[in-house]
Amino acid sequence: QQEESLGHLPALRVRARLSNPERLAWAGQRVYDRVVLSYPKRVQAFAVAAAALAGFVDAVAFIQSGGFFVSFMSGNSTRMAVGFVQNPGAAWTALALIAAFVVGVAAGSALNRWRAHGRLAVIVTVSALLFAAACVSVAGLAFPAALLSALSMGALNMVLEENGETRVALTYMTGALVKIGQKASQALFGGPRWAWLPYLLLWLGLAGGAVIGALTFQTLGAAALLIASALALILGLMLRRVTPSDR
């Protein structure tokens, strides 16, 4: 046997035979669930708020761009694949947004290497990108606004990165829905009764943010992203309570 450290918490160790992939997968799953469910409430609240911001921005971009996403890259991947068959222009648009999102993730991860103020730098960058997106959107440049928004949402996913691993996938709601179903099933057979709740709150945060984003766009039009930029700064204030050791 070999003692293997899994996940991003060095102190949390799981004994697993390296020759047994199934046991390793089981151990990794147990570690992931324990990590997520053991987060302090303030971390979970921050994650829900960040997911709400992602939903807000995604809804605004979806309406303004005619059905493309800036935080939901699975949707853009499908649009890209279908577009290459039916509408090459739409395919290249989706691919550009996917690339911008990945670049945003890389930039956010790089900023987190600035240990003293890394997470705050990520949030400030997200806010600045959203402000820039709002400005070009007001000028009538919808596609550049979507690219800037995708950059910002990629970076946002790295705000809770720790030791090279993301603590919570803030825009990956398919995974959250899978967890809701899985944990609900386990609860029926004697598992933890409320283990599905954090994932449900995360999904509700994104869905609720999307509703607010759509309503805001109806009222303010292209200037709606200015609200998103301000909301990102509010997340920065929340971050002071979430990660005091990072300041």
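First, a word on what this report is: a plain description of the structure on this page. (Residues numbered from 1 in each chain as written. Predicted model: local features only at pLDDT ≥ 70, side-chain atom pairs only at ≥ 80, totals over all residues. Heavy atoms only, no water.)

**Structural notes on the overall build of the chain**
Next, step 1: Within the chain, the regular secondary structure consists of 9 helices and 4 strands.
Next, step 2: Along the chain direction, N to C, the helices and strands of the chain fall in the order β-β-α-α-α-α-α-α-β-β-α-α-α.
Next, step 3: Residue burial in the chain is summarised as follows: out of 247 residues, 42% are buried.
Next, step 4: Within the chain, residue pairs in contact and separated by at least 24 positions form 63% of the contacts whose partners lie at least 6 positions apart.
Next, step 5: Accessible area for the chain stands at about 12,600 Å²; split by element, carbon and sulfur atoms hold 65% of it. (Helix = DSSP H or I, 4+ residues; strand = E, 2+ residues; numbered from the N terminus. Buried < 20%, exposed > 50% of the residue type's maximum accessible area, 1.4 Å probe, protein only. Contact = heavy atoms within 4.5 Å. Areas by Shrake-Rupley, 256 points an atom, 1.4 Å probe, with all protein chains shown as cover.)

**Comments concerning the packing of helix 4 (residues 88-111) against helix 6 (residues 142-156)**
Next, step 1: At a minimum axis distance of 6 Å, the contact between helix 4 and helix 6 shows a crossing angle of 40 degrees. Handedness of the helix 4/helix 6 crossing: right-handed. Contacts from T93, A96, L97, A100, F101, V103, G104, V105 and G108 in helix 4 reach F143, A146, L147, A150, L151, M153, G154 and A155 in helix 6.
Next, step 2: Across the contact of helix 4 with helix 6, the residue classes tally to 13 nonpolar, 4 polar and no charged. (Axes fitted to C-alpha atoms, helices over the stretch in contact; angles between N-to-C directions. Left-handed = near helix turned anticlockwise from the far one by under 90°. Nonpolar A, V, L, I, M, F, W, Y, C, P; charged D, E, K, R; others polar.)

**Remarks on helix 5 (residues 118-138)**
Next, step 1: With 21 residues, helix 5 ought to run about 30 Å at 1.5 Å a step, and its terminal C-alpha atoms sit 30 Å apart, in line with that.
Next, step 2: Along helix 5, the residues classified as buried are G118, R119, A121, V122, I123, V126, S127, L129, L130, A133, A134 and S137.
Next, step 3: Residue G140 follows helix 5 closely and has a positive phi angle near 90 degrees. (Expected span 1.5 Å × (residues − 1).)

**Digging into the nonpolar core**
Next, step 1: Core analysis: the largest hydrophobic core is formed by 50 residues, its most contacted members being L156 and V159.
Next, step 2: The set of elements that each furnish at least two residues to this core consists of helix 2 (41-65), helix 4, helix 5, helix 6, helix 7 (173-188), helix 8 (197-220) and helix 9 (224-242).
Next, step 3: If you tally residues by element for this core, the top one is helix 2, at 10 residues.
Next, step 4: Those residues within four positions of V159 in sequence are excluded, and the remaining contacts are F46, N112, R119, V122, I123, L170 and L239. (Core = buried A, V, L, I, M, F, W, Y, C linked by side-chain atoms within 4.5 Å.)

**Some details on helix 8**
Next, step 1: Over its 24 residues, helix 8 extends 34 Å from the first C-alpha to the last, a length consistent with the 34 Å expected when each residue adds 1.5 Å.
Next, step 2: Restricting attention to buried positions, one finds in helix 8 the residues Y199, L202, G205, L206, G209, G213, T216 and F217.
Next, step 3: Phi turns positive one or two residues past the end of helix 8, at G221, with a value near 65 degrees.

**A word on the packing of aromatic side chains**
Next, step 1: Under the definition given, this model contains 4 aromatic pairs.
Next, step 2: Between the aromatic rings of F62 and F69, the centroid separation amounts to 5.2 Å while the plane-to-plane angle is 35 degrees, which identifies the pairing as tilted.
Next, step 3: Overall, the relative accessible area of 37% leaves F62 in the partly exposed class.
Next, step 4: Between F69 and F72, the ring centres sit 5.0 Å apart and the planes meet at 85 degrees, which makes this aromatic pair edge-to-face.
Next, step 5: On the accessibility criterion, F72 (30% relative accessible area) is partly exposed. (Phe/Tyr/Trp six-rings, centres within 6.5 Å; stacked < 30°, edge-to-face > 60°.)

**So, the environment of A142**
Next, step 1: As for its placement among the helices and strands, A142 is situated in helix 6.
Next, step 2: Put simply, A142 and G66 are 76 residues apart on the chain and 9.6 Å apart in space, counted from C-alpha to C-alpha.

**A closer look at a nonpolar patch on the surface**
Next, step 1: On the surface, L177, W194, L197, L201, W203 and L204 cluster together to form a nonpolar patch covering roughly 560 Å² of accessible area.
Next, step 2: For the nonpolar patch, the element with the most residues is helix 8, which contributes 4 residues.
Next, step 3: Locating L197 in the fold gives a position in helix 8.
Next, step 4: A relative accessible area of 31% places L197 in the partly exposed class. (Patch = residues over 30% accessible without salt bridge, like charges linked within 9 Å, V, L, I, M, F, W, Y side chains within 5 Å. Salt bridge = Lys/Arg side-chain N within 4 Å of Asp/Glu carboxyl O.)

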